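Single-letter residue listing:
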Amino acid sequence: QSLPQQKLLTWLSVLECVEVFAEMGTARVWGEMGRWTIIVLIQLAKAILRLLLLLWYKGGIQTSPPIVPLNREQQQPLHPQDTEDNSSGKDQTYVGRRSSRVVRSLQSTPSLQSRHWGSPQQREESQSRRAEEMNQPPTPLGLQETIAESIYITRPLLHLLSLGVWGQRSWKPWLLSAVLDISSLSLLSDLKDLNRRERAELRRRTILLLYYLLRSPFYDRYSEGRILLLLRLLADYVPGVGFVTRPLMDYLPAWQKIYFYNWG
């Protein structure tokens with residue numbers, strides 16, 4: 001990736017990290033008008049960055065989060081003793097004469113907290129395989145797939161526009177957003193030879209369609225009572241589940257009112 005593309009991904013990641021905090025903080029300081037203003041500005045900035053990555057840099061299917069979080073267990077540096085052994089030419093492994101089994105030599109055994117229980121070859125192969133998967137270029141998108149990804153990127157803006165036109169209690173914004181999400185996934189379903197991250201992203205988008213059960217006005221009219229009843233039954237009759245379901249019942253109303261938790 002070029003340096004400008006990396007900067008765009010960084011800014012997009014920052015926006016996704018602070019959007020909920022910005023919404024709640026602005027609502028506390030400037031009220032509802034300020035809250036909806038910051039929502040529109042953040043969604044507009046995210047759409048512009050994503051469209052630049054899609055159309056200008058040919059970034060393919062946009063994943064969330066834009067930058068993959070660092071897995072520190074997989075990225076552990078070599079133990080200092082391993083480095084010394086490498087520099088001194090000591091063998092890190094021993095091959096059994098009869099079994100041909102590869103084991104680590106006692107001289108190169110790392111400390112307990114950085115020790116892994118596979119052979120060095122297995123660890124190197126898994127790390128190289130993950131690095132190869134992460135460095136795979138994005139799948140080129142045709143016209144149909146580019147339109148589908150553009151629909152997905154602009155869907156939040158169209159949803160906000162429909163909220164301003166028809167109001168928050170209308171079914172039209174909910175239906176418009178659902179049609180756009182389903183249309184985007186349908187157009188992308190014909191795309192073959194996706195890499196691992198892109199397949200995971202499409203699965204994530206499909207699972208997120210369940211959020212429409214928790215979005216107003218569907219939640220207010222149909223889902224709320226049934227979900228709360230189910231959580232209450234689980235808390236009362238299933239031992240141990242109440243530690244999870246009771247806080248969830250208290251948290252759901254506040255979570256459902258925050259736009260970026262619900263629609264972002």
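Please read all numbers here as calculations on a predicted model, not as lab measurements.

**Thoughts on the overall build of the protein**
Within the protein one finds 9 helices and 2 strands. Helices (α) and strands (β) of the protein occur, in sequence order from the N terminus, as α-α-β-β-α-α-α-α-α-α-α. A total of 264 residues make up the protein; the buried ones form 34% of that total. Summed over its atoms, the accessible surface of the protein is roughly 17400 Å², and 61% of this surface lies on carbon and sulfur atoms.

**Some words on the packing of helix α7 (residues 218-237) against helix α8 (residues 242-257)**
A pair of packed helices can be characterised by two numbers: the angle between their axes and the separation between those axes. Contact pair α7 / α8: the axes reach a minimum separation of 8 Å and the direction vectors enclose 160°. Accordingly, the angle class assigned to the pair α7 and α8 is roughly antiparallel. Our pair here, α7 against α8, has a crossing hand that is left-handed. Facing Y219, D220, I227, L228, L231, R232, L234, A235 and D236 of α7, the residues of α8 in contact are G242, T245, R246, L248, M249, L252 and Q256. Counted by class, the contact of α7 with α8 contains 9 nonpolar, 3 polar and 4 charged residues.

**Focus: the packing of aromatic side chains**
Within a pair of aromatic rings, the relevant descriptors are the distance that separates the centres and the angle that separates the planes. Under the counting rule described, the total for this entry stands at 10 aromatic pairs. Between F218 and Y222, the ring centres sit 5.3 Å apart and the planes meet at 40°, which makes this aromatic pair tilted. Taken together, the residues F218 and Y222, both in helix α7 and 4 residues apart, mark about one turn of the helix. By relative accessible area, which is 21% here, F218 ends up partly exposed. Arranged with centres 5.8 Å apart and planes meeting at 85°, the rings of Y259 and F260 form a pair that is edge-to-face.

**Examining unusual backbone geometry**
Along the chain, S64 connects to P65 via a cis peptide bond; the corresponding omega equals 0°. Within the secondary structure, P65 sits in the loop between α1 (3-56) and α2 (80-88). The linkage connecting S216 with the following residue, P217, adopts the cis geometry, with an omega of 5°. Structurally, P217 can be placed in the loop between α6 (196-207) and α7. Positive phi, normally seen in glycine, also occurs at K58, with a value near 55°. You will see that D193, though not glycine, has its phi angle at about 60°, which is positive.

**A look at the environment of A47**
When you line up the elements, A47 lands in helix α1. Those residues in contact with A47 that lie beyond four places of it in its chain are I153 and L157.

**Let's talk about the nonpolar core**
I39, L160, Y212, Y259, F260 and W263 are the most contacted members of the largest nonpolar core, which has 13 residues in total. In terms of residues, this core owes the most to one element, α1, which gives 4 residues. If you count residues domain by domain, this core takes at least three from each of domain 1 (3-67 + 140-214) and domain 2 (215-263).

**Here we look at α1**
With 54 residues, α1 extends only 14 Å from end C-alpha to end C-alpha; this falls clearly short of the ideal 80 Å at 1.5 Å per step. The principal kink in α1, of about 140°, is found at W30.

**Description of the confidence of the model for the protein**
Per-residue confidence for the protein gives a mean pLDDT of 84; residues scoring 70 or more make up 79%. When mean pLDDT is compared element by element in the protein, helix α5 (residues 172-188) scores highest at 96, while α2 scores lowest at 48. Segment residues 85-90: pLDDT under 50, and 5 contacts once partners within four positions in sequence are set aside and those in other chains are kept.

**Focus on the side chain of H159**
Secondary-structure assignment places H159 in helix α4 (residues 143-166). Among the residues examined, H159 registers a relative accessible area of 2% and is labelled buried.

Cut-offs used in this document
- Residues numbered from 1 in each chain as written.
- Predicted model: local features only at pLDDT ≥ 70, side-chain atom pairs only at ≥ 80, totals over all residues.
- Heavy atoms only, no water.
- Helix = DSSP H or I, 4+ residues; strand = E, 2+ residues; numbered from the N terminus.
- Buried < 20%, exposed > 50% of the residue type's maximum accessible area, 1.4 Å probe, protein only.
- Areas by Shrake-Rupley, 256 points an atom, 1.4 Å probe, with all protein chains shown as cover.
- Axes fitted to C-alpha atoms, helices over the stretch in contact; angles between N-to-C directions.
- Parallel < 35°, antiparallel > 145°, perpendicular 65-115°, else oblique.
- Left-handed = near helix turned anticlockwise from the far one by under 90°.
- Contact = heavy atoms within 4.5 Å.
- Nonpolar A, V, L, I, M, F, W, Y, C, P; charged D, E, K, R; others polar.
- Phe/Tyr/Trp six-rings, centres within 6.5 Å; stacked < 30°, edge-to-face > 60°.
- Core = buried A, V, L, I, M, F, W, Y, C linked by side-chain atoms within 4.5 Å.
- Domains from an automatic or database assignment.
- Expected span 1.5 Å × (residues − 1).
- Bend = angle between axes of the 7 residues up to and from the residue.
- pLDDT = per-residue confidence, 0-100.

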